[in-house]
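# Understanding the architecture of this molecule
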Amino acid sequence: MGKVAIIGAGFAGHTAAMYLGHKLGRDHEITMISKHDYFLYLPSLVWVGVGHMRPEKVCVPLRPIYDRFQVRFVHGKATSVHPDENYVMVDKADGTGLQRVDYDYLIIATGPRLDCEGTPGLGPAYGHTLSICWLDHAVHCRSVYGEYVERMRRGEKVRMVIGMGHPGSTCQGAAFEYITNVHKDLVRLGVRDRAELVWFSNEPALGDFGVGGINSKSRNGMLSSEEFVRSIFHEFGIEWQVRRGARQVDADRIYWEGFDGRFGETQYDLAMLIPRFLGGVLQYVGRNGEDVSGRIVNESGFVIVDGYYGLSYERLMYTPEAWPATYQNPNYRNIFAAGIAFATPGPISAPHVTPNGTPITVAAPRTGMVSGTIGRLVAMNVIGLLEEGKMTHQERMTEMFSACIASVSDSLWDGAAVSMTVFPTVPNYLRYQNKYGRDLFSTRMEIGLAGAWMKRIIHTTMLWKASGKPGWQIIPE
Ligand SMILES: Cc1cc2nc3c(=O)[nH]c(=O)nc-3n(C[C@H](O)[C@H](O)[C@H](O)COP(=O)(O)OP(=O)(O)OC[C@H]3O[C@@H](n4cnc5c(N)ncnc54)[C@H](O)[C@@H]3O)c2cc1C
């Protein structure tokens, strides 16, 4: 009997656990270690943060699902991995101390560590700004936003700044959804004229989204995501400040450095800023108690896998095979990483260093779809290794399709969403010899009411899939 342990029940880890449990649960020991006993559907936190969805609507309890899938559930925080002896130590959530979980194969799917400390003054816990990056953050954001709405109702003017809280932040899509949903909500409440809305971002251009922008064919030629987002912001009266890296935040001001090396300040009354994402905080301990983290993670805590690391951006753009295919650690070949936990070989969006030497570069995003796809792929390879002694699947982000629907307003009557399909997720200039490195037939962008319906349908189908209900496997990640 083989033993497979997974750390983290998010898009990547939970997907892997369901495939592994479904295929191997009866004959092998599959263990999920998760510090939360629910799966959180993060995309809908945008609606929680604006008060349009109740928190319980975005959570699925894990234990009943794993009972059905014959996956052992250990509720607790993994603290250390012992790769020479193949076990993980877990600090149990019920306060009863540490538990050892043995494995033959380990999947690390710990998602991002929200590095609020990386920007002094940032974040809901110790700083001044709000976040929608986890459930408690979004609930807190909703109540502070509600207080400001009340102030606007009393006639006060409020300046809201929404965007990125670090020069290396990613996940622009979530912040874009939040600012547009806030706009629509304020219109609905009749107080939009009392709010100034400002988009603040480290992107090299509006609409970059960390993927180097999206360009699609339209009736009048090519349409770029920069033009697309600019026209939405124009229509909604949203001011934008891009090419800026937040250095520090205090109670009413963001201190930033621009691409040109200029320093400046942006004033706010309410700010929702996404922190930098780092890799998980796990200790990696060798046989003699020594630190072996250098063999497993990079300096930011992301798991090193089968990518080529250290290439310049220019070389990386023309080396599609530099992007990992199997997500297997080269030093401990029974360790895999999936979702945000794996180290990408570099950014997708062009990196920038200011004349003062400060890097302002959007880190490569790994969306829910990409994370789920990689979670499934890693699970299939572990199944292959246990059943046939070999890996059977591979897929690089330079070959991977992604779709994203960015909500602009959740109303099914007069709402809207931007539907984007991108192929491949990371431009592949060798295969697609146009200036975008993407397939212009399948890379598309549309905005409309149909998108709002799609976004709601995806919420329902994704929670259905995450619950392992009938047909879960035919719903794409
Ligand atoms: C507000 C918001 C909106 C978004 N909207 C979209 C969208 O519309 N479309 C889209 O495709 N993507 C969207 N994303 C991105 C998407 O949510 C992420 O890409 C996805 O969650 C990444 O999956 P993951 O499994 O790597 O990490 P996560 O989903 O974050 O899961 C990681 C899990 O690991 C657990 N964990 C961490 N450390 C430990 C430990 N030491 N021990 C045990 N458990 C641990 C965490 O508790 C968590 O459950 C959005 C993200 C946010 C924040």
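To keep things clear, this report deals only with the structure shown in the data block. By convention here, each chain's residues receive numbers from 1 onward along its written sequence. This being a predicted model, a pLDDT of at least 70 is required before a residue's local features are given, and a value of 80 or more before pairs of side-chain atoms are given or counted; all residues contribute to the totals for chains, interfaces and linings.

Here we take up the overall build of the chain. What counts as a helix is a DSSP run of H or I of at least four residues, what counts as a strand is a run of E of at least two, and both are numbered from the N terminus. Secondary structure assignment for the chain yields nine helices and 24 strands. Both definitions apply: the radius of gyration is a C-alpha atom measure, and the globule rule equals 2.2 Å times residues to the power 0.38. Its C-alpha radius of gyration of 22 Å places the chain within 12% of the 23 Å reference for a compact globule of 477 residues. Overall, the C-alpha framework of the chain stretches about 65 × 50 × 45 Å when taken along its three principal axes. Here the C-beta atoms are placed from the backbone, and a residue counts as buried if at least 20 other C-beta atoms lie within 10 Å of its own, exposed if 12 or fewer do, and partly exposed otherwise. Counting over 477 residues, the chain shows a buried share of 52%. For every residue pair, C-beta atoms are placed from the backbone, and the pair is scored as a contact if these atoms sit within 7 Å. Across the chain, the fraction of contacts at a sequence separation of at least 24, relative to all contacts at a separation of at least 6, is 68%.

The environment of the ligand is made up of 36 residues, and the closest members are Gly8, Gly10, Gly111, Gly339 and Thr367. Of all the elements in the fold, those that place two or more residues in the shell around the ligand are helix H1 (11–24), strand S2 (29–34), helix H2 (45–49), strand S5 (71–82), helix H5 (172–189) and helix H8 (368–388). The class makeup of the residues in the shell around the ligand is 20 nonpolar, 13 polar and three charged. In this entry, near means the residue's backbone-placed C-beta atom lies within 6 Å of the molecule or strand. For this classification, Asp, Glu, Lys and Arg are treated as charged, while Ala, Val, Leu, Ile, Met, Phe, Trp, Tyr, Cys and Pro are nonpolar and the rest, including Gly, are polar.

Right, let's talk about the sheet that holds strand S17 (residues 263–267) for a bit. In space, the three strands of this open sheet follow the order S15-S16-S17, with antiparallel pairing throughout. With partners counted over all chains shown, the strands left at the sheet margins are strand S15 (244–250) and S17, one partner each. When strand polarity is set aside, the average angle formed by the axes of neighbouring strands in this sheet is 30°. Only strands joined by at least two bridges in the DSSP assignment are considered to pair. Pairing analysis gives six bridges linking S15 to strand S16 (residues 253–258), with the strands arranged antiparallel. Of the residues in S16, the one forming a bridge with Ala246 is Trp256. Lines fitted to C-alpha atoms define the axes, with helix axes restricted to the stretch in contact, and inter-axis angles between N-to-C directions lie between 0 and 180 degrees.

Here we take up unusual backbone geometry. Geometrically, the link from Phe423 to Pro424 is a cis peptide bond, its omega value of -10° lying close to zero. Look at Gln70: it is not a glycine, yet its phi comes out positive at around 55°. Phi is positive for Asn86, which is not a glycine, with a value near 60°. Note on placement: Asn86 falls in the loop between S5 and strand S6 (87–92). Its 18 C-beta neighbours within 10 Å are what place Asn86 among the partly exposed residues.

Moving on, we come to the environment of Ile65. You can see Ile65 is positioned in helix H3 (residues 63–69). Overall, Ile65 belongs to the buried group, with 23 C-beta atoms counted inside 10 Å. Put simply, Ile65 and Asp260 are 195 residues apart on the chain and 52 Å apart in space, counted from C-alpha to C-alpha. Ignoring any residue separated from it by four or fewer positions in sequence, one finds Ile65 in contact with Ser467 and Gly468.

With that settled, consider the sheet that holds strand S24 (residues 444–448). Strand pairing within a sheet occurs via backbone hydrogen bonds; the two strands may be parallel or antiparallel. Read across the open sheet, the three strands follow the order S22-S23-S24; overall the sheet is antiparallel. Taken across any chain shown, the strands that pair with only one partner, and hence form the sheet edges, are strand S22 (402–409) and S24. Ignoring strand direction, the axes of neighbouring strands in this sheet form an average angle of 10°. The pairing of S22 with strand S23 (residues 416–422) spans seven bridges and is classified as antiparallel. Within S23, the residue paired with Ala406 across the bridge is Val418.

Formed by 145 residues in total, the largest nonpolar core has its most connected members in Ala16, Val303 and Ala338. By residue number, the principal contributor to this core is H8, which donates nine residues. With residues near it in sequence (within four places) discarded, Ala16 still touches Ile6, Ile107, Ala109, Ala338, Gly375, Arg376, Val378 and Ala379. Defined on buried residues, the nonpolar core groups Ala, Val, Leu, Ile, Met, Phe, Trp, Tyr and Cys residues joined through C-beta atoms within 7 Å.

To continue, consider the environment of Ala403. In this fold, Ala403 is placed in strand S22. Those residues in contact with Ala403 that sit more than four places away from it in its chain are Met369, Met420 and Thr421.

As judged from the four bridges shared by strand S12 (residues 215–218) and strand S13 (residues 221–224), these two strands associate in the antiparallel manner. Looking at S13, one finds that Lys217 is bridged to Met222. Taking the residues that link successive antiparallel strands as the turn, the S12-S13 hairpin has two residues.

With that settled, the discussion passes to helix H9 (residues 449–466). One full turn of an α-helix is made of 3.6 residues, so residues set three or four places apart face in the same direction. The end-to-end C-alpha distance of H9, which contains 18 residues, comes to 26 Å, matching closely the 26 Å that a straight helix rising 1.5 Å per residue would cover. Turning to H9, its buried residues number three or more, namely Gly451, Ala452, Lys455, Ile458, His459, Met462, Lys465 and Ala466. For H9, the angular spread of the buried residues around the axis is 150°, confining them to a single face. Facing away from the buried side of H9 by over 90 degrees, the exposed positions are Ile457 and Thr460. Those residues of H9 that are buried are in contact with H1, strand S3 (38–40), strand S4 (59–61), S22, S23 and S24. The positive-phi residue at the C-terminal boundary of H9 is Gly468, with phi of around 65°. What a helix should span is 1.5 Å times the count of its residues minus one. The arc refers to the directions leading from the helix axis to the C-beta atoms.

Glancing now at H1. Relative to the 20 Å expected for 14 residues at 1.5 Å per residue, H1 spans 20 Å between its end C-alpha atoms, a close match to the ideal helical length. The buried fraction of H1 amounts to 12 of the 14 residues, a majority that puts the element mostly inside the structure. Among the residues making up H1, those that are buried are Phe11, Ala12, Gly13, His14, Thr15, Ala16, Ala17, Met18, Tyr19, Leu20, Gly21 and Leu24.

Time to look at the environment of Pro112. As for its position among the elements, Pro112 is in the loop between strand S8 (105–108) and strand S9 (113–115). You can call Pro112 buried: it has 24 C-beta atoms within 10 Å. For the pair Pro112 and Ala325, spaced 213 residues apart in the sequence, the C-alpha separation amounts to 21 Å.

Okay, the packing of H1 against H8 next. Contact pair H1 / H8: the axes reach a minimum separation of 7 Å and the direction vectors enclose 35°. In terms of crossing hand, the pair formed by H1 and H8 is right-handed. On H8, the residues touching Phe11, Ala12, Gly13, Thr15, Ala16, Tyr19, Leu20, Lys23 and Leu24 of H1 are Gly368, Ser371, Gly372, Ile374, Gly375, Arg376, Val378, Ala379, Met380, Val382, Ile383 and Leu386. Of the residues in the contact of H1 with H8, the class split is 13 nonpolar, six polar and two charged. With the far helix as reference, a near helix turned anticlockwise by less than a right angle produces a left-handed crossing, and one turned clockwise produces a right-handed crossing.

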